[in-house]
Each structure stands twice: as C-alpha cells, then as structure tokens.
Amino acid sequence: MTGPLEAAHDAERPGARRYPARVKIVVCVKHVPDIQAERRFTPEGRVDRGRGDGTVNEVDENALEAAARIAEAAGEGEVEVVVLTMGPPVALDAVRRGLQLGADRGVHVSDEALAASDVFATARVLAAAVRRIGEVDLVLLGMAALDSLTSLLPAALAEELELPALTIASRLEVANGTARVSRELDELVEVLEAPLPALVSVTDGINSPRLANFKAIMAARSKPVETWSLADLGIDPATVGLAGARTRVLEARELEPREQEVFDTDDDGEAGTRLAEFLVSRGLA
Amino acid sequence: MSGRTVLALLDRTAVEAGGLSPTARELLEVARGLAGGLDGPLELAWTGELPEAVRLALGGLGVVRVRHLAEEPSSSAELASALEAHVRAERPAVLLATTSFASRELAGRLGVRLGAGVLVDALHLELDRGRVVAERSSFAASWGSRCEVLAEPAIVTVKPHATVGGAPAPASVVGPEGPEIVPLAPGEPDARVRVVERTRRETSGRPDLATAATVVAGGRGFEGDFSLLEELADELGAAVGATRVAVDEGWVGHELQVGQTGVTINPVLYIGAGISGAIHHVGGMRAARTVVAINTEPDAPLMEIADYAIVGDLFEVLPRLTARLRELRGSRT
C-alpha cells in the first residue's frame, strides 16, 4: 500500500529515502495555567501550576490538530501520533487532552527533580523522550507557551535532536517524506521545506482545533499512557530542575492595576476632539 | 578586559534613512551601559551590508569593534553556527539582541550550543556583582519579575524602549576613523532546509509594529474597513495593529496581529478602537505606557484597563480625533 506520506517512487527525487508506511509524529504539549484564570508566581518565583485551573497550552492544540489532520489524510493505520509532555502529575491532563484530540498514545515525563527546570533542561528531557519513543519522523509543537511566552523551546529542541527546524508555520503539508511550511516572519513571507525527520512549530492561525466530542473523550480513556522518570531517560537529576537552571528568578511581584484617568461617554460627539487635546497636552501626539 | 566584552547583534535592517534606527540605538545604549558596568569593550556583530556612514557613527555610540558577517545568513541555524564559533574563540560575557521571532530562535539555538543562560523580553537590565539581571513582565503584564543569569555567556533579548541601570556608560573610545571592522567567519547553513519561496513584504511605509512608539489597533468593530484607523496612524506616525479576529477575517495580514501569538508590544501610546480586549490581545499590549480604548461597550475588558476610555462609536470618534490632531499639530509645524 502506498500512503500519501511515502517518499515512494518519486522520479524527481531519485535519492529520496523510502519512507516506511507507518509515520510517527510526536506532539509536544505543555500544561499551563489557564490564561482566563488568575495566574501567579509562587513565593519561590516559579509559575504556580498547582491551582487546579490548568489546561493544555492553547497553541499546542493547533499542533495536535495539525497532527490529526495529517493522520486522517494518510488513512487508517498509516500515522501514529504520540502526545508528549513533561511536568508534574497534574500535567497528565494535557496528555489526556491530546488523546481526546486524536493522539494514539501518550508519554508523560514526570520527576520531582524536574520542578523549576529552565527551557534548556526541558529541551534536553523532551529530546531524550523523543529518542526513547524512537523512529520519530515529525516533532510538532506550538510556537509559544502562553505562560512564559519565551518561544525558545522549538529551536532549542531542534538543536538537541539535530533536526531541521521549520518554525512558526501558518501552513503545513507533509508528503513524500518532506515537510513544507509557510510562514510570515516580520517582513518576510516564506515557504520552507525539509526532509523528514523534522521539527515544526505552528501558530494558532494554522487551523481551528476540533472540539472533543463524547465519543472522542470515551475513546481517549482506553488509549495507553506511559509515565517516564529521569532514570528512564538516563538523565542526571542534578543537571535539570532548580539545580541545573542557568537563570534564576530573584523576585516576582504582582503589579498594581493602573488607575483609570478619564472615562468619557461620547454624548455630544466631541469625545474624539477631547482625546486629541489630551494627547497633545501630554506630549503623546 | 578579555572575557568581559558585551556583543550587541544587529543586521542591515537596522539601517533607516541612511542612519541607525531608533531601536538599534536603544539596543546599543543598553549594551553600552552593561559594557560600562563590566569595564569591558562594546562590540557589535553586524550581518549584511554595513554602510560607511553607519560604521562611522557607531564610534560615537561606544562601539569599539564590528564583527562583520558580510553575507547575510539564510537561517537562524547558519547565524547560530557563526556566532557559536565566535563566542567560543572570543568569550564575550554578554550577547544582546532586540526581541524578535528571529532573535529568540537564535537565542534558543545558542543556548543549547554554548550552555548559555538566556532571558528574553528584558524591559530593564542591570548588573549585580557582575551578573546580568533583567526585569521582565509576565501573565499579560500583570506580574513583574527580576531574573538573574547564572551561566556565561548571558544571552538577552531586549524589548524596544528598554532601559539600563546602575552602570556608567564608557566614553567614546575610538577616534573619528570609527570602529575597526573584523570579518566574522560565515557559519554552516542547515543544508536540509530549502527555501522554496522568499518574498519581502510590501512595506506600508509605517513604523514597525514591534518597535513603534505609538500603535493604533483595530478589531471587530471596524467591520472590515481599517481606513479610518490608517488615517489616524499616518497622522500620529504610528504603526497599525489588529486583533486576531481582524486577522482571521482577512482584513489585515498576520504580521499586524498584536497578542500572545502575534507581536507583543510595549509602546509609549496604544490606542485600541473596536476591540473588546480578549486576553490573547491584552497579553500582547498591556505593557503599553498609556492605553486609550474606544468602544461602544463600556464594560469591555480593554475599557477597564484603559487609562483613557471613550464610550462611543469609533466611526464618529476617530474622524474627530484625526481632524483635531491635524489642527493642533498643523499649527505646530
């Protein structure tokens, strides 16, 4: 059987590697505090993840959706999607969410020594997990985690895995053993292509994630989830978490909300005029 | 002095009207402050064409040496490889770049390659016992934090309008001949990634959204026609931004999206019209110094966080605003 992902008998690319019919996609997701809820730091300066109002990072749902669409387009049994997360026990919710959105199985890397890991420790751990999953063709992830918003992980993970990185994709096609993305970056519009295996980070504009229906939620319950420790991955606990962090939060404080200065109801049609005068008087215009 | 160098990163897009852009000058000012505190030289890594007039001007901005990569790297992997070799050989203590998608990607790569400590989106930088300390904001600018870089080198991406504290800036140390140029060896490109198409977008002629001092933004309330907003932008010399709804509707391109998955901005003045203020958008603009909101709905979230809120119809308010600004400012010039 020739799946659409197969690098098959492509006369134009005689050197292309013939791809196995079964393509493996790993989607990395992060469990983050719900952006609609009150978010805070702990007194130790870490993101407070223990408040029970966490959720899967929104853009990661776009990555899950992208994987699900590739799998559906390829047909039954052609593509295996593994959802991978690293985080405390509560982060298992993010894996479950991935299973509801179409992933076939889940991997949860959890270890007490991982608390307060920086992005580079995270990249090392996720890379080790991807290697342990094995024979991965495509690593997908969201372009940013909406709690920290650093956007450092995709490039760092690509470095760890020595994979070509196609980042900030607003379009993704996978065919003939190749990933092709479109992206809009500052003043550039690009179409980039790389042979699999590759890493792709996606924007929230790439698709509209499906809603998990009852059937999908029920089906997710019987999908396998493995929990791996640092020992399973052969990583020294002293090199991750707080002990291995290359940056440290010295202080975190909630900022005072600003006092509103002007509240103007435009009853007379002159509110625009008044605003202009305000801006000029303040030297803002 | 060796090992205490501050290396600022700029490329040819930092050239504006034959000189250095305000954002590039801001970056160099921050870099110069840190170099002063470290008692080390300020160097600049520059990629792409470097106009002679710009090179000469760099001396007055405290730059003693330019590491020049004449050929523009085609990817972050290629630039990372060039800088990795340079940092291993020359051991600068700090690398600084203006925050952008590209600089974060570069920082992520160099962090892995060099074991560097990386902080992004610094609003303020200072030195504490020789270590770089950055102030950042988090959770839609509702929290502020101070972070310290423990590993060396420190790689920091700096927000526009960032400040530097504590350290005295060194006086200009090069003469009128300007800083010396030392070629930077090109990096290894990632041959696996092929550029199928690359087009430079038509520029609007307006300031860059990420770095503009003034941003006017529009949302659903515009019902598809941003022309009133564009007129206001041009009167103010402002950049135009938009909400995700406006982008999804196809009214403007994704490059104008302000928010947590678009551009995060911290302008001096932000004016948002017809924007309810979903957290996705607010997370990208709340660091603005002054926020003006114009909305028919008094309880919209953006109205609540605004310094100046107008309950009104943007199609009435904006033309008045632009017209009055024109009158007031016209009399000034």
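Residues numbered from 1 in each chain as written. Chains lettered and ligands numbered in written order. Predicted model: local features only at pLDDT ≥ 70, side-chain atom pairs only at ≥ 80, totals over all residues.

Caption draft 1: View of the overall build of chain A. Counting its regular elements, chain A contains eight helices and 14 strands. For chain A, the residues scored as buried account for 50% of the 285 residues in total. Of all intrachain contacts in chain A linking residues separated by at least 6 positions in sequence, the fraction that spans at least 24 positions is 70%. (Helix = DSSP H or I, 4+ residues; strand = E, 2+ residues; numbered from the N terminus. Buried ≥ 20, exposed ≤ 12 C-beta atoms within 10 Å, placed from the backbone. Contact = placed C-beta atoms within 7 Å.)

Caption draft 2: Seen up close, the interface of chain B and chain A. Chain B puts 68 residues into the contact, and the matching count from chain A is 73 residues. Those elements that provide at least two residues to the side of chain B that touches chain A are α4 (101-114), β7 (117-128), β9 (143-149), β12 (194-200), β16 (290-295), β17 (308-311) and α9 (314-330) of chain B.

Caption draft 3: Local environment of the domain arrangement of chain B. All names here are of chain B. Segmenting chain B into domains produces domain 1 (6-183) and domain 2 (214-330). For domain 1 versus domain 2, the distance between C-alpha centres works out to 31 Å. Taken together, the contact pairs six residues of domain 1 with six residues of domain 2. Tallying contributions element by element places strand β10 (residues 154-164) first for the side of domain 1 that touches domain 2, with three residues. Grouping the amino acids of the side of domain 1 that touches domain 2 by side-chain chemistry returns three nonpolar, two polar and one charged. (Domains from an automatic or database assignment. Nonpolar A, V, L, I, M, F, W, Y, C, P; charged D, E, K, R; others polar.)

Caption draft 4: Examining the packing of helix α3 (residues 119-133) of chain A against helix α4 (residues 153-161) of chain A more closely. Residues and elements named next belong to chain A. It is the contact of α3 with α4, at a shortest axis distance of 9 Å, that shows an interaxial angle of 50°. In terms of axis orientation, α3 runs oblique to α4. Judged by the twist between their axes, the crossing of α3 over α4 is right-handed. Facing V119, F120, T122, A123, R124, L126, A127 and V130 of α3, the residues of α4 in contact are L153, A156, L157, E160 and L161. (Axes fitted to C-alpha atoms, helices over the stretch in contact; angles between N-to-C directions. Parallel < 35°, antiparallel > 145°, perpendicular 65-115°, else oblique. Left-handed = near helix turned anticlockwise from the far one by under 90°.)

Caption draft 5: Highlighting the sheet that holds strand β12 (residues 225-228) of chain A. Residue and element names in this part refer to chain A. Taken in spatial order, the seven strands of this open sheet run β7-β11-β6-β1-β4-β5-β12, and their pairing is parallel. The sheet is open, and its two edges are formed by β7 (165-169) and β12, each paired on a single side. Strand-to-strand twist in this sheet, taken as the mean axis angle between neighbours without regard to direction, amounts to 20°. Sheet analysis places strand β1 (residues 23-29) next to strand β6 (residues 138-142), joined by four bridges and oriented parallel. The residue bridging V26 from the neighbouring strand is V139, located in β6. Against the sheet, α3 engages β1, β4 (79-86), β5 (105-109), β6 and β12, with an angle of about 150° to β4. (Pairing = 2+ DSSP bridges.)

Caption draft 6: Region of interest: the environment of A219 of chain A. Its location among the elements puts A219 of chain A in helix α5 (residues 214-221). On a C-alpha basis, the gap between A219 of chain A and D104 of chain A in space is 9.8 Å, while along the polypeptide they are 115 residues apart.

Caption draft 7: Highlighting the sheet that holds strand β9 (residues 178-185) of chain A. What the four strands build is an open sheet, ordered β8(A)-β9(A)-β10(A)-β12(B); its pairing is antiparallel. Only two strands of the sheet have a single neighbouring strand rather than two, namely β8 (171-175) of chain A together with β12 of chain B. Sheet twist, expressed as the average angle between the axes of neighbouring strands with direction ignored, equals 10°. In this sheet, strand β10 (residues 188-195) of chain A lies alongside β9 of chain A in antiparallel orientation, the contact comprising eight bridges. Counted as the bridge partner of V181 of chain A is L192 of chain A from β10 of chain A.

Caption draft 8: Main features of helix α1 (residues 22-38) of chain B. Residue and element names in this part refer to chain B. End to end, α1 covers 24 Å across 17 residues, agreeing with the expected 24 Å (1.5 Å per residue, within 8%). Counting buried residues in α1 gives 14 out of 17 residues, a clear majority hidden from the surface. Where α1 ends, the next residue or the one after it, D39, has phi of about 55°, a positive value. (Expected span 1.5 Å × (residues − 1).)

Caption draft 9: Inspection of the pairing of strand β4 (residues 42-47) of chain B at higher detail. All names here are of chain B. Here β4 lies mainly inside the structure; six of its six residues are buried. Side-chain alternation along β4 places L42, L44 and W46 on one buried face and E43, A45 and T47 on a second face that is also buried. When strand β1 (residues 6-11) meets β4, the two strands line up parallel, connected through six bridges. Its bridge partner lying in β4, L7 is registered against E43. Direction of pairing for β4 relative to strand β5 (residues 63-69): parallel, over a ladder of six bridges. From the neighbouring strand, L42 faces β5, where its bridge partner is V63.

Caption draft 10: Looking closely at the pairing of β7 of chain B. Residues and elements named next belong to chain B. Examined bridge by bridge, β7 and β10 share six bridges and lie parallel to one another. Directly across from V118, in β10, lies its bridge partner I155. Note that β7 and strand β8 (residues 131-138) share five bridges and pair antiparallel. Bridging from a neighbouring strand, D128 pairs with R131 of β8. Taking the residues between adjacent antiparallel strands as the criterion, β7 and β8 are bridged by two residues, where R129 takes a positive phi near 50°.

Caption draft 11: Expanded view of the environment of R329 of chain B. Looking at the secondary structure, you find R329 of chain B in helix α9. Sequence separation of R329 of chain B and L236 of chain B is 93 residues, and the distance between their C-alpha atoms is 9.5 Å.

Caption draft 12: Fine view of the environment of A103 of chain A. All names here are of chain A. Looking at the secondary structure, you find A103 in the loop between α2 (92-100) and β5. On the basis of neighbour counts, which here come to 28 C-beta atoms within 10 Å, the residue A103 falls in the buried class. It is 4.8 Å that separates the C-alpha atoms of A103 and V81, two residues lying 22 residues apart in sequence. With residues up to four places along the chain from it excluded, the contact list for A103 reads V27, L64, V81, V82, V83 and G98.

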